[in-house]
Amino acid sequence: MNTQNLQSIRLIHRARQTPAVQNSVLGMLIFVVAEVMFFAGLISAFTIVRAGAVVWPPRDQPRLPLEATAVNTLALLASGVCLYLAHRAFKRDRAAALRPLTIAMLLGAFFVIFQGAEWVRLLGQGLTLTSSTLGSFFYLIIGLHALHAIAALVLLADSWRRLQRGWLAESQFAAAQVFWYFVVLVWPVLYLRVYL
Amino acid sequence: MEIPVHSRVKSIFATAAALALLAAPGIAEACSVCSAGRDDESRTAFILTTAFLTLLPLALVGGMAWWLRRRTRQVSSWATQQPPARPAPIPRIAKA
């Protein structure tokens, strides 16, 4: 076997050894695909119920806060942008990613807390899980999104802690990012369908 | 050739069953997801959500497969473009 053949065999071997996608990212992507279908099912059910209703939103039910939630939506989208900046900084210099990651987490936490405050206000105005179909779907869809947002925030907080201590693996950060991007990108769809 | 009595009874039952099935669509209107007799908005919602839920998984799985294929090609081209690492030199053992 000549040297050139040996070298090409070595190259092929190395190409096969390099993973195309990290396992954690692939696992998270599969999970996100399942979650997208879950939300798609909920949105479809909501759309059908809404189309079949004689009056929408139901009478004697409070109106959903459109403007305040629009501001909150902007905060969530900004947190997605900050996470992207953290990703870029992480590639150059790991320590530089700490600040944009902190801002992304704070914006995400603001979103969740603001949503919680809105819920308290709506409950006070009489929109409950059993008051109407609007209430049932609102708390189910928006509540499940809030649960996902909290879970993603926990992942981001873990990444932040590891980054601060200097042992954040690239694959772990990438998986947390995929989950947070899902939370950020599914929200405008929910806002447009449920609130408007 | 004479047809046996039990075959005749069977064919009468089969005909009766077929006639009963012809009358069945009237009952099927009670189906909760049947769009017959509903307004246009509701029917449109049924059609749109059916199309959405049919196409979305195909798009997601197809998109993921396409992205993985593209990524695999990228990684293999990077791996073959970079020069291979040279093996470490074998340390010489000093003779006693």
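### Observations regarding the nonpolar core
Residues and elements named next belong to chain A.
Alright, step 1. Judged by nonpolar contacts, the single largest core of 56 residues is most densely connected at F138 and W180.
Alright, step 2. Of all the secondary structure elements, the ones that give two or more residues to this core are α2 (23–52), α3 (66–92), α4 (98–124), α5 (133–165) and α6 (170–195).
Alright, step 3. By residue number, the principal contributor to this core is α6, which donates 16 residues.
Alright, step 4. Setting aside anything within four residues of it in sequence, one finds F138 in contact with L64, W119, L122, L127, G143, V194 and Y195.

### Topic: the pattern of salt bridges
Alright, step 1. Within this structure, the stated rule accounts for four salt bridges over all chains.
Alright, step 2. Among the salt bridges present, the one from D158 of chain A reaches R161 of chain A, with a minimum N-O distance of 3.1 Å. Residue D158 of chain A and its partner R161 of chain A are both found in helix α5; the two are separated by three residues, about one turn of the helix.
Alright, step 3. In this structure, D40 of chain B and R43 of chain B form a salt bridge, with 3.6 Å as the shortest nitrogen-oxygen distance. Of this pair, D40 of chain B and R43 of chain B are both found in helix α3 (residues 40–81), three residues apart, which corresponds to roughly one turn of the helix.
Alright, step 4. According to the relative accessible area criterion, D40 of chain B is exposed, its value standing at 54%.
Alright, step 5. Residue classification places R43 of chain B among the partly exposed positions, given a relative accessible area of 32%.
Alright, step 6. Beyond isolated ion pairs, a larger network of salt bridges with shared partners links D158, R161 and R162 of chain A.

### Topic: the interface of chain A and chain B
Alright, step 1. The interface of chain A with chain B comprises 21 residues on the first partner and 24 residues on the second.
Alright, step 2. Around 2,000 Å² of area is buried between chain A and chain B when both sides are counted, 78% of it from carbon and sulfur atoms.
Alright, step 3. On inspection of chain A and its partner chain B, the count reaches zero salt bridges.
Alright, step 4. Between chain A and chain B we count one residue pair in polar contact (both at pLDDT 80 or more) in total.

### Section: the packing of α2 of chain A against α5 of chain A
All names here are of chain A.
Alright, step 1. Running from N to C, α2 and α5 point in directions that differ by 165°, and their axes come no closer than 10 Å. Regarding the angle of α2 to α5, the classification is roughly antiparallel. Relative to α5, α2 is oriented so that their crossing is left-handed. Contact with α2, carried on its side by M28, E35, F38, F39, L42, A45, F46 and V49, involves T133, F137, L140, I141, L144, H145, H148 and L155 of α5 and no other residues of that element.
Alright, step 2. For the contact of α2 with α5, the residue count by class is 12 nonpolar, three polar and one charged.

### Section: α3 of chain A
Residue and element names in this part refer to chain A.
Alright, step 1. Spanning 27 residues, α3 covers 40 Å between terminal C-alpha atoms, matching the ideal 39 Å at 1.5 Å per step.
Alright, step 2. Among all positions of α3, only T69, N72, T73, A75, L76, S79, G80, C82, L83, A86, A89 and F90 are buried.
Alright, step 3. Where the residues of α3 are buried, they touch α4, α5 and α6.

### Structural notes on the environment of W66 of chain B
Residues and elements named next belong to chain B.
Alright, step 1. Its place among the elements puts W66 in helix α3.
Alright, step 2. For W66, a relative accessible area of 55% corresponds to the exposed category.
Alright, step 3. Considered as a pair, W66 and V5 are 61 residues apart in the sequence and their alpha carbons are 65 Å apart.

### Thoughts on the packing of α2 of chain A against α6 of chain A
Residues and elements named next belong to chain A.
Alright, step 1. Packing of α2 against α6 brings their axes to within 10 Å, and their N-to-C directions diverge by 10°. Taken together, the axes of α2 and α6 are roughly parallel relative to one another.
Alright, step 2. Its residues assigned to classes, the contact of α2 with α6 shows 18 nonpolar, four polar and three charged.

### So, the side chain of S132 of chain A
Alright, step 1. With respect to the helices and strands, the residue S132 of chain A is situated in the loop between α4 and α5.
Alright, step 2. A distance of 3.2 Å separates a polar atom in the side chain of S132 of chain A from the backbone nitrogen of G135 of chain A.

### So, the packing of aromatic side chains
All names here are of chain A.
Alright, step 1. Applying the stated rule across the entire model yields 15 aromatic pairs over all chains.
Alright, step 2. An angle of 50° between the planes, with centres 6.2 Å apart, marks the rings of W119 and F138 as tilted. Taken together, the residues W119 in helix α4 and F138 in helix α5 connect sequence positions 19 residues apart.
Alright, step 3. You can call W119 partly exposed: its relative accessible area is 23%.

Cut-offs applied
- Residues numbered from 1 in each chain as written.
- Chains lettered and ligands numbered in written order.
- Predicted model: local features only at pLDDT ≥ 70, side-chain atom pairs only at ≥ 80, totals over all residues.
- Heavy atoms only, no water.
- Core = buried A, V, L, I, M, F, W, Y, C linked by side-chain atoms within 4.5 Å.
- Buried < 20%, exposed > 50% of the residue type's maximum accessible area, 1.4 Å probe, protein only.
- Helix = DSSP H or I, 4+ residues; strand = E, 2+ residues; numbered from the N terminus.
- Contact = heavy atoms within 4.5 Å.
- Salt bridge = Lys/Arg side-chain N within 4 Å of Asp/Glu carboxyl O.
- Buried area = accessible area lost by both parts, 1.4 Å probe.
- Polar contact = N/O pair within 3.5 Å; in protein donor to acceptor, adjacent residues only side chain to side chain.
- Axes fitted to C-alpha atoms, helices over the stretch in contact; angles between N-to-C directions.
- Parallel < 35°, antiparallel > 145°, perpendicular 65-115°, else oblique.
- Left-handed = near helix turned anticlockwise from the far one by under 90°.
- Nonpolar A, V, L, I, M, F, W, Y, C, P; charged D, E, K, R; others polar.
- Expected span 1.5 Å × (residues − 1).
- Phe/Tyr/Trp six-rings, centres within 6.5 Å; stacked < 30°, edge-to-face > 60°.

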